[in-house]
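Single-letter residue listing:
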Amino acid sequence: LYNRALICEVRKDYNGAIALYKKILKYDSIYADAAFSMSKDYLRLEKTDEAIKYGELAVKLYTDTNTDAWKHLGKMYYTQKEYAKAKNAFNIILQKDPENTDAVYRLGMVDIDEQNYPAAISRYSALIEHDSTDVYSYASRGLAKQNSSDCQWALNDFHAALRFDSTYYYPYQQIGMILES
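Keep in mind that this is a model prediction, so the values were computed, not measured.

Here we take up the overall build of the protein. For the protein, the helix and strand inventory stands at 11 helices and 0 strands. Listing the helices and strands of the protein from first to last along the sequence gives α-α-α-α-α-α-α-α-α-α-α. Considered along the principal axes of its C-alpha atoms, the protein spans approximately 60 × 30 × 25 Å. Burial analysis of the protein (181 residues in total) assigns 47% to the buried set. Taking as baseline every contact in the protein between residues at least 6 positions apart, the subset at least 24 positions apart corresponds to 41%. On the protein, roughly 10100 Å² of surface is accessible, and the fraction owed to carbon and sulfur atoms is 49%.

So this is what it looks like as structure tokens:
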């Protein structure tokens, strides 16, 4: 059944895949991969409540160090502005994998949305220290600095991002906004 569900996904028949995953869970209620895949398919169908329901089931069923399901769930919580739940999911990833830079990056995104700019700046600074060519961390730290009214330092970060990727549009946009203000 699982392979048939995967074929449905390849064909973009997400409802068909979901029906097969539900059958799998009916017979094997602890099959985490089926719950995780079903969550992703519900999200593809823009049924976020169902996607979260099965994402939550998946993280309960996984007993190993799987961080993909937590990342998926954290991203869904973030898009729903459930920031406390998103932070919890990303922190669980860091407990399982302390070197997971994506979780740190996403925690910084939550910090910015919660207007906790010092925390976001600290997170992005740590990421830049880890990888001095991380374009997205420079741009995100620049946004946090811009929002905390530190426009000169924000400009420095946006320019740094452009040094590493001159095709990245976002820093240009933010530089323009700062210069217009």
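It is possible for side chains bearing opposite charge to pair when their charged atoms get close. All chains considered together, the criterion is met by 8 salt bridges. Between Glu 114 and Lys 87 there is a salt bridge; the shortest N-O distance is 2.9 Å. Remark: Lys 87 occurs in helix H6 (residues 83-96) and Glu 114 occurs in the loop between helix H7 (101-113) and helix H8 (117-130); sequence separation between them is 27 residues. With a closest N to O distance of 3.3 Å, Lys 145 and Asp 157 form a salt bridge. Residue Lys 145 is located in helix H9 (residues 135-147), and its partner Asp 157 is located in helix H10 (residues 151-164); the two are separated by 12 residues in the primary sequence. Each member of the pair, Lys 145 as well as Asp 157, carries the same accessibility label: buried. Taken together, the shared-partner salt bridges in this structure form one network comprising Lys 71, Asp 102 and Arg 106.

Criteria and cut-off values
Residues numbered from 1 in each chain as written. Predicted model: local features only at pLDDT ≥ 70, side-chain atom pairs only at ≥ 80, totals over all residues. Heavy atoms only, no water. Helix = DSSP H or I, 4+ residues; strand = E, 2+ residues; numbered from the N terminus. Buried < 20%, exposed > 50% of the residue type's maximum accessible area, 1.4 Å probe, protein only. Contact = heavy atoms within 4.5 Å. Areas by Shrake-Rupley, 256 points an atom, 1.4 Å probe, with all protein chains shown as cover. Salt bridge = Lys/Arg side-chain N within 4 Å of Asp/Glu carboxyl O.

Everything listed here is a matter of coordinates, which is why it stays silent on function.
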